[in-house]
Amino acid sequence: MSSKESRFRLLKHEGVKGTFIICPGLCKGCGLCLERCPHDVIDWSEELGIYGTPRAAPARMDDCIACGICQLVCPDSAILIQKKQKKKA
Ligand code: SF4
Ligand code: SF4
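Residues numbered from 1 in each chain as written. Chains lettered and ligands numbered in written order. Predicted model: local features only at pLDDT ≥ 70, side-chain atom pairs only at ≥ 80, totals over all residues.

**Points about the overall build of the chain**
Heads up, the rule is: Helix and strand labels come from DSSP, where a helix needs a run of H or I of at least four residues and a strand needs a run of E of at least two; each type is numbered from the N terminus. Three classes are used. A residue is buried when 20 or more other C-beta atoms lie within 10 Å of its own, exposed when 12 or fewer do, and partly exposed in between, with C-beta atoms placed from the backbone. Residue pairs are scored as contacts if the distance between their C-beta atoms, which are placed from the backbone, is within 7 Å.
A count of helical and extended segments in the chain gives three helices and five strands. For the chain, the succession of helices and strands along the chain, N to C, is α-β-β-α-β-β-α-β. Across its three principal axes, the chain shows a C-alpha extent of roughly 45 × 30 × 20 Å. Taken over 89 residues, the chain has a buried fraction of 21%. Of the contacts made within the chain by residues no fewer than 6 positions apart, 54% connect residues no fewer than 24 positions apart.

Pasting the structure below:
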(Lines give C-alpha, C1' and ligand atoms only; values in the text may rest on other atoms or scores of the structure.)
(Ligands and ions follow the chains in the order given, each with its own letter.)
Protein backbone atom coordinates (compact mmCIF):
# COMPACT_ATOMS: atom_id res chain seq x y z
CA MET A 1 0.00 0.00 0.00
CA SER A 2 1.48 3.39 -0.93
CA SER A 3 1.68 6.16 1.67
CA LYS A 4 -0.90 8.18 -0.31
CA GLU A 5 -3.42 5.30 -0.23
CA SER A 6 -2.71 4.81 3.44
CA ARG A 7 -3.28 8.50 4.23
CA PHE A 8 -6.69 8.59 2.60
CA ARG A 9 -8.05 5.15 3.39
CA LEU A 10 -11.47 5.14 5.02
CA LEU A 11 -12.53 2.83 7.82
CA LYS A 12 -16.26 2.08 8.02
CA HIS A 13 -17.96 1.00 11.22
CA GLU A 14 -21.58 -0.12 10.89
CA GLY A 15 -23.99 0.61 13.71
CA VAL A 16 -27.70 0.12 14.24
CA LYS A 17 -28.55 3.79 13.58
CA GLY A 18 -25.85 4.62 11.07
CA THR A 19 -22.34 4.21 9.75
CA PHE A 20 -19.31 5.91 11.29
CA ILE A 21 -16.63 6.53 8.69
CA ILE A 22 -13.22 7.78 9.73
CA CYS A 23 -10.20 8.73 7.68
CA PRO A 24 -7.29 7.85 9.99
CA GLY A 25 -4.95 9.93 7.84
CA LEU A 26 -6.80 13.11 8.82
CA CYS A 27 -7.12 12.50 12.56
CA LYS A 28 -4.64 14.51 14.62
CA GLY A 29 -5.79 13.13 17.95
CA CYS A 30 -7.25 16.33 19.42
CA GLY A 31 -9.88 14.39 21.37
CA LEU A 32 -12.81 16.72 20.64
CA CYS A 33 -14.99 13.94 19.27
CA LEU A 34 -14.36 11.80 22.36
CA GLU A 35 -15.26 14.72 24.62
CA ARG A 36 -18.45 15.69 22.80
CA CYS A 37 -20.01 12.33 21.95
CA PRO A 38 -23.13 12.14 24.15
CA HIS A 39 -23.01 8.33 24.32
CA ASP A 40 -19.31 7.74 24.95
CA VAL A 41 -19.00 5.77 21.73
CA ILE A 42 -15.53 6.91 20.69
CA ASP A 43 -12.25 5.86 22.24
CA TRP A 44 -8.60 5.88 21.29
CA SER A 45 -7.44 3.28 18.79
CA GLU A 46 -4.48 1.08 19.65
CA GLU A 47 -3.07 2.15 16.29
CA LEU A 48 -1.36 5.57 16.22
CA GLY A 49 -2.40 8.18 13.69
CA ILE A 50 -0.13 9.44 10.95
CA TYR A 51 1.15 12.27 13.17
CA GLY A 52 2.26 9.74 15.77
CA THR A 53 -0.59 10.82 18.05
CA PRO A 54 -3.44 8.63 19.32
CA ARG A 55 -6.31 8.48 16.89
CA ALA A 56 -10.02 8.25 17.44
CA ALA A 57 -12.04 5.11 16.73
CA PRO A 58 -15.63 4.15 17.50
CA ALA A 59 -15.32 1.51 20.20
CA ARG A 60 -19.00 1.06 21.10
CA MET A 61 -21.02 1.35 17.87
CA ASP A 62 -24.06 -0.31 19.49
CA ASP A 63 -24.49 2.92 21.47
CA CYS A 64 -24.10 5.30 18.51
CA ILE A 65 -27.29 7.24 17.71
CA ALA A 66 -25.82 8.76 14.52
CA CYS A 67 -26.39 12.29 15.85
CA GLY A 68 -23.44 13.62 13.85
CA ILE A 69 -21.94 15.71 16.68
CA CYS A 70 -18.53 14.06 16.25
CA GLN A 71 -18.56 14.98 12.56
CA LEU A 72 -19.50 18.57 13.36
CA VAL A 73 -16.83 19.13 16.01
CA CYS A 74 -13.93 17.46 14.21
CA PRO A 75 -11.68 20.33 13.06
CA ASP A 76 -10.07 18.19 10.37
CA SER A 77 -13.15 16.62 8.78
CA ALA A 78 -11.88 13.16 9.64
CA ILE A 79 -15.34 11.79 10.48
CA LEU A 80 -18.42 11.25 8.33
CA ILE A 81 -21.66 9.93 9.81
CA GLN A 82 -24.20 8.33 7.48
CA LYS A 83 -27.52 8.09 9.24
CA LYS A 84 -29.71 5.14 8.23
CA GLN A 85 -33.04 6.08 6.71
CA LYS A 86 -36.15 4.90 8.54
CA LYS A 87 -38.11 2.36 6.54
CA LYS A 88 -41.43 3.67 5.25
CA ALA A 89 -44.45 1.87 6.65
S1 SF4 B 1 -22.72 10.12 15.76
FE2 SF4 B 1 -23.19 10.91 17.84
S3 SF4 B 1 -23.41 9.10 19.11
FE4 SF4 B 1 -22.38 8.42 17.23
S5 SF4 B 1 -20.18 8.52 17.68
FE6 SF4 B 1 -20.76 10.50 16.77
S7 SF4 B 1 -21.26 11.87 18.50
FE8 SF4 B 1 -21.27 9.73 19.26
S1 SF4 C 1 -12.12 15.43 16.51
FE2 SF4 C 1 -11.27 14.70 14.55
S3 SF4 C 1 -9.05 15.13 14.68
FE4 SF4 C 1 -9.90 15.25 16.77
S5 SF4 C 1 -9.59 13.17 17.64
FE6 SF4 C 1 -11.66 13.24 16.75
S7 SF4 C 1 -11.41 12.47 14.64
FE8 SF4 C 1 -9.37 13.00 15.39
